[in-house]
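Structural characterization, general
Single-letter residue listing:
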Amino acid sequence: MGDQLRVVVMNSFNHDYASAFRASLARLGLQADVIDLPNIELADLTPGKVRHIRHLLTPSAPEQIVIFCPGIMEMFIDGPHHSVHFSGYRAWHDDRSGSVLPHPWSVHAAPPRAAIAWTEKPALRAGFMGSIYDDAALVRLGRRLPRPVKSWLLTGRYLRHARMTACAYASGLPVRFALAFPRVEALEALERQAADQDDFDVRIIGTGGFTGLPDAKARYVDEMIASTYVLCPRGSENFSFRVYEAFLYGRVPVIIDTDMVLPPQIPWRDLALIIPYDGLDGIAQSIRDDYERTDAARFIARQRAALDLMQELGTGYWLDDALGGIVRMRRAARETTSAGRLRPLSI
């Protein structure tokens, strides 16, 4: 019965997440009331919009299960039985009430394998192209804070209060990039540390934003293909699209771990280089160490595995597993705590 399951999904300008959820529910044989929410820019978030979303997340019947996906927005609202995000914070993430999923969608098309395949060990080359946020006021402030304060901020605890965040935006406080300072720090650290290493090619290109125009997309793809390692520090959210785009192009993402919850569907240690935020002082050496212990055969195998991964993620199996698991878990919890008041959902 559709009235037993409500899924509230916020789309983005580039991606129709609601359609992906509908397709997954259809594969599972689950009927659901799927509510599409248009994309809301964080800067446009208001207390009134938060109240409206909370209303949508309120079950209309005791037996109804409510699942919420705010798209890429880090909107953590109490109320739904389960929330689905593309980013999370280890300090307070709870698998019982939230899931962090892969984000395999991209505005860039998958390339022919022959056009990007390595046949020998690639050069020691690391790249980044995109917004650096070095001119954002809160980023500049964040960089000047003591390390313990930075580490506390990067747990994202204030994000648990969606209404407070909305009030900050309504008051004109530009908090969207409050936690983007690790991006500037990581890029500058790598450039500085690799400057005197002639065999280490680092290309950092700040664009000031993504226009989506054909020339900008083509240049981004060219830079991606030219890189061996792709720098993927967080921006306004505690993940980066570049991680999955690096996989899409068979490159090695360099993830700066800022208390991230990484989706369990991906063998991260095999396919990516993960550097803790507190390890930025040695970021160039960490990349070099990975490069020197990886021979040509291993680079080629790692690339093949990344390309296979993106092909598998494109099937949507991970969303089926997540939604099916959420429904089973909530059904079991209701049957245990409510003495069977929830009508069974078959999946």
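For clarity, every value in this text was computed on a predicted model and none was experimentally measured.

Turning next to the overall build of the protein chain. Helix and strand content of the protein chain: 13 helices and 10 strands. The C-alpha atoms of the protein chain give a radius of gyration of 21 Å, which matches the 20 Å a tight globule of 347 residues would have. Overall, the C-alpha framework of the protein chain stretches about 70 × 45 × 40 Å when taken along its three principal axes. Expressed as a percentage of the 347 residues in the protein chain, the buried residues total 53%. The contacts in the protein chain between residues at least 6 apart in sequence include a share of 70% that link residues at least 24 apart. Here the protein chain holds 40 positive side-chain charges and 40 negative ones, and the gap between their average locations is 5 Å.

The next subject is the sheet that holds strand E5 (residues 98–100). Spatial ordering of the open sheet is given by E2-E1-E3-E4-E5, a layout of 5 strands whose pairing is parallel. Unpaired on one side and paired on the other, strand E2 (33–37) and E5 mark the two borders of the sheet. Between one strand axis and the next, the sheet turns by 15° as a mean value, whatever way the strands run. Sheet analysis places strand E1 (residues 5–10) next to strand E3 (residues 65–69), joined by 5 bridges and oriented parallel. Counted as the bridge partner of Leu 5 is Ile 65 from E3. Helix H1 (residues 17–28) contacts E1, E2, E3 and strand E4 (82–85) of the sheet and is inclined by roughly 150° relative to E1. Across the sheet, helix H2 (residues 47–56) touches E1, E2 and E3, and the angle it forms with E1 is around 155°.

This next bit is on the sheet that holds strand E10 (residues 273–276). Across the sheet, 5 strands lie side by side as E7-E6-E8-E9-E10; this open sheet has parallel pairing. Of all the strands in the sheet, just strand E7 (201–206) and E10 have a single pairing partner and so form its edges. Strand-to-strand, the axes of this sheet are offset by a mean angle of 25°, without reference to chain direction. As paired strands, strand E6 (residues 125–130) and strand E8 (residues 229–232) are joined by 2 bridges and run parallel to one another. Across the sheet, the residue bridging to Ala 126 is Tyr 229, located in E8. Most of the contacts of helix H9 (residues 241–248) go to E8, to which it runs at about 165°, and overall it touches E6, E8 and strand E9 (252–257).

Turning our attention to the side chain of Thr 294. Within the fold, Thr 294 resides in the loop between helix H11 (283–292) and helix H12 (296–313). Here Thr 294 is in contact with Lys 121, Phe 299 and Arg 302, once residues within four sequence places are set aside.

Before going further, it helps to spend a moment on the pairing of E6. Regular strands place side chains that alternate from one sheet face to the opposite one. Counted residue by residue, E6 has 5 buried out of 6 residues, so it is predominantly covered. Inspection of the sheet shows E6 paired to E7 by 6 bridges, in the parallel sense. The residue of E7 that forms the bridge with Ala 126 is Val 202.

Attention now moves to the confidence of the model for the protein chain. Residues with a pLDDT of 70 or more make up 96% of the protein chain, whose mean pLDDT is 92. Confidence over residues 340–347 falls short of pLDDT 50; this stretch has 25 contacts with residues more than four positions distant or in other chains.

Before going further, it helps to spend a moment on the packing of helix H4 (residues 137–144) against helix H7 (residues 181–194). Helix-helix packing is characterised by the crossing angle of the two axes and by the distance between the axes. Packing of H4 against H7 brings their axes to within 8 Å, and their N-to-C directions diverge by 65°. Taken together, H4 and H7 sit at an angle that is classed as roughly perpendicular. The element H4 and its partner H7 pack so that their crossing is right-handed. Residue-level contacts link Val 139, Gly 142 and Arg 143 of H4 to Phe 181, Val 184, Glu 185 and Glu 188 of H7. When its residues are assigned to classes, the contact of H4 with H7 shows 3 nonpolar, 1 polar and 3 charged.

Reading the values: rules and limits
Residues numbered from 1 in each chain as written. Predicted model: local features only at pLDDT ≥ 70, side-chain atom pairs only at ≥ 80, totals over all residues. Heavy atoms only, no water. Helix = DSSP H or I, 4+ residues; strand = E, 2+ residues; numbered from the N terminus. Rg over C-alpha atoms; globule rule 2.2 N^0.38 Å. Buried < 20%, exposed > 50% of the residue type's maximum accessible area, 1.4 Å probe, protein only. Contact = heavy atoms within 4.5 Å. Lys, Arg positive; Asp, Glu negative; His and termini not counted. Charge placed at Lys NZ, Arg CZ, Asp CG, Glu CD. Pairing = 2+ DSSP bridges. Axes fitted to C-alpha atoms, helices over the stretch in contact; angles between N-to-C directions. pLDDT = per-residue confidence, 0-100. Parallel < 35°, antiparallel > 145°, perpendicular 65-115°, else oblique. Left-handed = near helix turned anticlockwise from the far one by under 90°. Nonpolar A, V, L, I, M, F, W, Y, C, P; charged D, E, K, R; others polar.

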